[in-house]
Amino acid sequence: MNRLGSATSPYLLQHAGNPVDWWEWSPEAFAEAKRRDVPVLISVGYAACHWCHVMAHESFEDEATAKLMNDSFVSIKVDREERPDVDAVYMTATQAMTGQGGWPMTVFATPDGDPFFAGTYFPKANFTGLLNSVVKAWQEQREQVLDQGTKVVEAIAGAQLSGGLTAPISAELLDAGAAELRTHHDQVNGGFGGAPKFPPHMSMLFLLRHHQRTGSPESLELVRHAAERMGRGGIYDQLAGGFARYSVDATWTVPHFEKMLYDNALLLRAYTQLWRLTGDAFARRIADETAEFLLRDLGTPTGGLASALDADTEGIEGLTYAWTPAQLVDVLGEEDGTWAADLFHVTATGTFEDGKSVLVLARDIDAAAPELVQRWRAVRGRLLAARAQRPQPARDDKVIASWNGLAVIALAEHGVLTGSAASRGAAIEIAEVLAERHLVGGRLRRASRDGVVGEPVGVLDDYGLVAEAFLAVHQITADGRWLDLAKQLLDVALEHFATGTGGFWDTADDAERLVTRPADPTDNATPSGLSAIAAALVTYSALAGETRYREAADAALATVGPLIAQHARFAGYAATVAEAALAGPYEIAVATPDPAGDPLVTAAFRYAPPGTVIVAGDPDRPGVPLLADRPLRDGLPTAYVCKGFVCEMPVTATDDLVERLTVGNR
């Protein structure tokens, strides 16, 4: 075992048996490089990363390569999911030097941390050649190497920070963002762009809210198209539910098989909201199955949801998931096997590798006759049971605060809209884990594992998404504790992360100092910290009636206003939040002794305008500002539809509430 043997990160533990003398990220590692007068090699990846595994097998497990690394470098292994701040700084440097990024990320730096050369995956021969070249340059061209590091740091310092032009949120700006998205729409396969193709979950959430506000059929169709093609494609697990990280082709057929918590949480929200607005049975099924996947396959024994399932099994991608026609017949028999091959498009030549196929749904089974649906469910169950006997992908079981926050929001929405007690209960339980384990001394910690919280501190997206999660639980429980906890997190963010000019840094002012302080306002695989904190600020201000939080949200959104209008694909969550802000958002209080069974509550959640905050419970419930001075009318449950805490005439009839909210949607 090297120094990683005591790490908590599953990714670092994967490298604990390497002959490389790895260090964890620490001041001691850089001090050792100074003492030895050698450069630092920083290797960044994550547990579910296929090419990280490949480079590990080729190079880091090789004795000769390890000796070269040990003799001439201090080598630091970083889990990008535990240390997104480190990843962000050196990814910016890598992209600046090479024009591209990805993982594994390989960075050579001075003992002060200044990067002077970087890349991603290197085959073994290339990597050993590179190591020798860097050693030679360090020994013979030290001045040029140090100068290069200084120039890179100067070039990337503040490069991500949103600044310059701002644009206050307006209907015209959001309409421009939706129109810009339409120009990238794949009219054949759905989604945006070509291969590799990533699920556009945040753009889908934005377009659904844009459709609610404007009635735009184009915005709704873009979401329908992407949702159907993804849900019928190989990117979706047709047997167990859950989405893979991306498709390697433009048709959603062959996925990169890793399954990430954040993708599935965001897609659960998108499919749930699509069903809410359309009543589409297909969207409802995908939402239900995705929620089941989260709880069944990512739930951990100590609470919270695991980060990911690996892309490969025993070093082979798709080993668990791909099928041949003969394998289907072996499990199902000749008749059902042939039927399943047609239904799931499993061909003799295969759609994947080695004559195997990834299951897709080639027929519209949701609209089929009941006997066909029953047959499909039976076949699917038998195939899943057989698949369970195969080797399974490893699971990265660390609990990431922000990703679990996304899951809480999604499960809360799914639970309250569909009536799923499992989703609602899980949302509350996961929020408890975040509150009790990850909130330490009033500050968030990024990750935990096996019930033990880690040392890495929370970054901005942790504060934003966990605060938004607490606000979601406040709305489904009418428990004032969650509102108070959200306020604590938002106050920390405003004090320690704000730039003073409307934007936000991704790290706190009292966090570890890196060579630069990251501040990326763009939404990529997950919401940016700025988008996440803006979402929580908008929601909190509506629930608590405190205007300074709304003012902070408006200022933050204005810093990304031009990005929304011109490059909406990289501002999907910001645009989603902006739609809520533009709508008000509305506030609905339902005074009722039975929030779980009151049809007024069901109607409020089902028909609310974009971003509406909703709380139901006894009038004047302690710690719930939205229920203050909201009495029952004539002894009947009563709904109050408000904006800025100014309310219309209360209603007691469900039809009247639906009519009012339907008008509010236009």
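Just so you know, these numbers come straight off a predicted model, no measurement behind them.

Rules used in this analysis
- Residues numbered from 1 in each chain as written.
- Predicted model: local features only at pLDDT ≥ 70, side-chain atom pairs only at ≥ 80, totals over all residues.
- Heavy atoms only, no water.
- Helix = DSSP H or I, 4+ residues; strand = E, 2+ residues; numbered from the N terminus.
- Rg over C-alpha atoms; globule rule 2.2 N^0.38 Å.
- Buried < 20%, exposed > 50% of the residue type's maximum accessible area, 1.4 Å probe, protein only.
- Contact = heavy atoms within 4.5 Å.
- Areas by Shrake-Rupley, 256 points an atom, 1.4 Å probe, with all protein chains shown as cover.
- Lys, Arg positive; Asp, Glu negative; His and termini not counted.
- Charge placed at Lys NZ, Arg CZ, Asp CG, Glu CD.
- Pairing = 2+ DSSP bridges.
- Axes fitted to C-alpha atoms, helices over the stretch in contact; angles between N-to-C directions.
- Expected span 1.5 Å × (residues − 1).
- Salt bridge = Lys/Arg side-chain N within 4 Å of Asp/Glu carboxyl O.

Concerning the overall build of the chain
In step 1: Within the chain, the secondary structure is distributed over 25 helices and 21 strands.
In step 2: What you see for the chain is a C-alpha radius of gyration of 26 Å, in line with the 26 Å of a compact globule of 666 residues.
In step 3: With respect to the three principal axes, the spread of C-alpha positions in the chain is 85 × 70 × 45 Å.
In step 4: In the chain, buried positions account for 60% of the 666 residues.
In step 5: Taking all contacts inside the chain whose residues are at least 6 apart in sequence as the whole, residues at least 24 apart take part in 69%.
In step 6: Accessible surface for the chain amounts to roughly 24500 Å². Of this, 51% is attributable to carbon and sulfur atoms.
In step 7: Averaging the locations of the 56 positively and 87 negatively charged side chains of the chain gives two centres separated by 1 Å.

A word on the sheet that holds strand β1 (residues 23-24)
In step 1: Ordered by their spatial adjacency, five strands build an open sheet running β1-β3-β2-β4-β5, and the pairing between neighbours is mixed. Looking at strand neighbours, the two that pair on one side only are β1 and β5 (115-119), the edges of this open sheet.
In step 2: For strand β2 (residues 40-45) and strand β4 (residues 105-109), the ladder comprises five bridges, and the chain directions are antiparallel. Bridge assignment links Val40 to a residue of β4, and that residue is Ala109.
In step 3: Across the face of the sheet, helix α5 (residues 84-98) comes into contact with β2, β3 (74-79), β4 and β5 while running at roughly 80 degrees to β5.

Here we look at helix α16 (residues 401-418)
In step 1: Relative to the 26 Å expected for 18 residues at 1.5 Å per residue, α16 spans 25 Å between its end C-alpha atoms, a close match to the ideal helical length.
In step 2: Burial analysis of α16 places 17 of its 18 residues in the buried class, the great majority of the element.

Things to note about the pattern of salt bridges
Close approach of charged atoms allows side chains with opposite charge to pair.
In step 1: What the rule picks out here adds up to 41 salt bridges.
In step 2: A salt bridge links Asp237 to Lys259; the nearest nitrogen and oxygen atoms lie 2.8 Å apart. Of this pair, Asp237 sits in the loop between α10 (217-232) and β6 (246-247) while Lys259 is found in strand β8 (residues 259-260), placing the two residues 22 residues apart along the sequence.
In step 3: Overlapping salt bridges bring together Asp79, Glu81, Asp396 and Lys398 as one network.

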